[in-house]
Amino acid sequence: MAAKRTPLMAGNWKMNLNHQEAVVLVQKLVWTLSDKRHDYAKAEVVVVPPFTDLRSVQTLVDGDRLSIKYGAQDVSVHESGAYTGEISAGMLAKLGCSYVVVGHSERREYHAETDAVVNTKAHRALAAGMTPIVCVGEGLEVRQAGQQVEHCVAQVTGSLAGFTAEQVAGLVVAYEPVWAIGTGEVATPDDAQEVCAAIRASIRGSLGDEAADGVRVLYGGSVKAANVAGIMTQPDVDGCLVGGASLQAEEFAGICRFYDMPVL
Ligand SMILES: O=C[C@H](O)COP(=O)(O)O
């Protein structure tokens, strides 16, 4: 019998909102979810603010015993030392982060992160007690050549190297087609399912049922409250990694409550 995977809705704020704005957004989000009687068993809710906001978010979440979790957008490949500007996994764990996004396409594109770098970051996060959200996804040219499955499976294989089946069962992989990020161009539910299913199948092939049935595979790319329900009907999509729409409390709360949204 396959493990039941709790859906996960993670809001990646990217380089938006200072620490004061972060507190306001988290308060609004939690209030909206509570007003709508959000069932956290139906969707885990995570915010992923910039590093500079994390202490304020931690204070709010801990002080008010909020049910949401939070994470970081990146982590250093190094454990500690003379690496100016870097943030270590230990520092993020100390701030109470549950998750760390690694290998986002914007890091791969603007900071030339390879699968090997992403793999090291994922290991750093897990070793510090946090769950990596390992991002993969194809650009437009790859999609037009019909190579999206091979491309994403290769990224997953490289990015998850060295993890055991038991570890992978607790990880999160996010499929984000680059052509759908911030463009308003959302992949169809079938597009999302095709690649998410292929990722799970490849994990099943290499690490077995425990890893494949446990790992949560998210979709990301122009997700909104209006289109989330259709995406979430797909059997291999376990949640969403949301960018722009996570900056608005009402909109992100609607995404978290995908189970009450109409399938359009
Ligand atoms: O991390 C989030 C993704 O890049 C999606 O961003 P978006 O929802 O603004 O398209």
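- Under an unreviewed UniProt entry, the protein has the name Triosephosphate isomerase and belongs to Nocardioides marmotae.
- In its Catalytic activity (unreviewed entry) section, UniProt records this for the protein: "D-glyceraldehyde 3-phosphate = dihydroxyacetone phosphate".
- Turning to the protein, the UniProt record has this under Subcellular location (unreviewed entry): "Cytoplasm".

1. With respect to the environment of I68
Okay, step 1: Structurally, I68 can be placed in the loop between α2 (54–63) and β3 (69–72).
Okay, step 2: Take I68: its relative accessible area is 3%, and that puts it in the buried class.
Okay, step 3: In sequence terms I68 and V45 are 23 residues apart; their C-alpha atoms lie 5.2 Å from each other.
Okay, step 4: Those residues in contact with I68 that lie beyond four places of it in its chain are V26, V30, Y40, V45, V47 and V61.

2. Let's talk about helix α12 (residues 249–256)
Okay, step 1: Of all 8 residues in α12, 6 are buried, a share of seventy percent or more.
Okay, step 2: Within α12 the residues assigned to the buried category are A249, F252, A253, G254, I255 and C256.
Okay, step 3: Where α12 is buried, its residues touch β1 (8–12), α1 (19–35), β2 (44–48), α11 (228–232) and β8 (239–242).

Conventions adopted
Residues numbered from 1 in each chain as written. Predicted model: local features only at pLDDT ≥ 70, side-chain atom pairs only at ≥ 80, totals over all residues. Heavy atoms only, no water. UniProt positions renumbered as here; feature names shortened; annotations may be inferred. Helix = DSSP H or I, 4+ residues; strand = E, 2+ residues; numbered from the N terminus. Buried < 20%, exposed > 50% of the residue type's maximum accessible area, 1.4 Å probe, protein only. Contact = heavy atoms within 4.5 Å.

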